[in-house]
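# What the coordinates show
Next come the chains, spelled out residue by residue.
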Amino acid sequence: MSSSSANKVPVVVFDSPQAAAKALAAEFSELIRSRASEGKTAVLGLATGSTPLPFYAELIRLHKEEELSFQNVVTFNLDEYAGLPREHKESYWHFMHSNLFDHVDILAENIHLPSGTVTEAEIPTHCAEYEQAIVDAGGLDFQILGIGRTGHIGFNEPGSPKNSLTRAIELDQITREDAAPAFDGIENVPTSAITMGCGTILTARKIVLMAWGENKAAIVKEAVQGPVNDIVSASFLQEHDDARFFLDTPAASAL
Ligand code: GLP
């Protein structure tokens, strides 16, 4: 754990993203295996972006080399861009399949992501059904998160209330600028998304937020040491009783 007394949420600093990913994957593996031995499911909340990639690579390695099965795993992703069909190369559906699901033995019916193609009229029902599906699955056992430069978790941009639920949200300009290279220009970046709310995320029994690199150091400091408010939605994690930040040394450099 980081020793800074100014930290208002537990922080663990690792030598590299790979080391952090390995430690986190070991926790997931233990949860999945212990639930499997009881004949139960493990309900995992998953995230996209470049941050979780070493974690997904380690889960795939555990599946291929250490017989970790995903047959009892149920997943719920945080978010999806509005307007993107599943087959779009930047859809989170596509991201999750190419970086994790296609390489492990998870059952297709156990995978959940918000839809990018529901009509505007269908969005409220779709979001309510997503919330209900999480409840019906038994709730989120373990949620992983990245952090955007606006301090968002999922796509809970500044102004997202602590008790917000799954809903449509307009993307912040900074978020769209960060996504622009992947979309070959900001004009191609969707303007809105469907995201789990802060309240949805905070129902998870265990949460780990990962962040790597110096360009996350300033927002990590705000989330870990700053006031709890809706300007930085990651600050709500300070009020969760089992949330931790897994950082590499550069991401922890401002603490
Ligand atoms: C997007 C995602 C977030 C992610 C963030 C940071 O906005 N919706 O879940 O945490 O990007 O992305 P990266 O991990 O690439 O820095």
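Everything below is about the structure shown above.
Here's a quick rundown of the structure. Along each chain, residues carry numbers from 1 onward, in the same order as the chain's sequence is written. Given that the model is predicted, a residue must reach a pLDDT of at least 70 before its local features are reported, and side-chain atom pairs must reach 80 or more before they are shown or counted; all residues, however, enter totals for whole chains, interfaces and linings. Only hydrogens and water are set aside when side-chain values are computed; all heavy atoms of the structure are taken into account.

Our next topic: the site of the ligand. The full set of residues close to the ligand is Thr-48, Gly-49, Ser-50, Thr-51, Asp-79, Tyr-92, Gly-146, Ile-147, His-152, Gly-154, Phe-155 and Lys-216. Between a nitrogen atom of the ligand and a side-chain N or O atom of Asp-79, the distance comes to 2.9 Å. The pocket occupied by the ligand, as judged from atoms lying within 2 Å of grid points, is the largest pocket. We call a residue near a given molecule or strand whenever any one of its heavy atoms falls within 4 Å of it. Two N or O atoms count as a polar contact when they lie within 3.5 Å, although within protein this holds only if one can serve as hydrogen donor and the other as acceptor, and sequence-adjacent residues are included solely when both atoms are side-chain atoms. Only protein atoms enter the 1 Å grid used here, on which a cavity is any set of points holding a 1.4 Å probe that cannot leave and a pocket is any open set flanked by protein within 12 Å on both sides along at least five of seven lines; residues with an atom within 4 Å of a point are listed as lining. For a molecule to be placed in a cavity or pocket, more than half of its atoms must lie within 2 Å of the grid points of that cavity or pocket.

Right, let's talk about the side chain of Gln-143 for a bit. A run of DSSP states H or I qualifies as a helix once it reaches four residues; a run of E qualifies as a strand once it reaches two. Both are numbered from the N-terminal end. With respect to the helices, strands and loops of the structure, Gln-143 is situated in strand 6 (residues 142-145). Judged by its relative accessible area of 0%, Gln-143 is buried. At a separation of 3.3 Å, a polar atom in the side chain of Gln-143 contacts the main-chain carbonyl oxygen of Gly-45. Residues within four places of Gln-143 in sequence aside, it is in contact with Gly-45, Leu-46, Leu-78, Met-196, Ile-201, Ala-204, Lys-206, Ile-207 and Val-208. Accessibility here uses a 1.4 Å probe with only protein chains present; expressed as a share of the type maximum, an area under 20% marks a residue as buried, one over 50% as exposed, and anything in between as partly exposed. Whether two residues are in contact is decided by their heavy atoms, any of which lying within 4.5 Å being enough.

The subject of this paragraph is the layout of surface pockets. In this structure, the largest pocket spans a volume of roughly 800 Å³. The wall of the largest pocket is formed by 33 residues, among which Thr-48, Gly-49, Ser-50, Tyr-81 and Tyr-92 lie closest to the centre. Mapped by element, the contributors of at least two residues to the lining of the largest pocket are strand 4 (79-81), helix 3 (92-99) and helix 5 (173-179). No other element matches helix 5, which puts four residues into the lining of the largest pocket. Residues are grouped as follows: Ala, Val, Leu, Ile, Met, Phe, Trp, Tyr, Cys and Pro are nonpolar; Asp, Glu, Lys and Arg are charged; every other residue, Gly included, is polar. Across the lining of the largest pocket, the residue classes break down as 15 nonpolar, twelve polar and six charged. Grid points are joined across faces, edges and corners, and a volume is the space filled by probe spheres set on the points.

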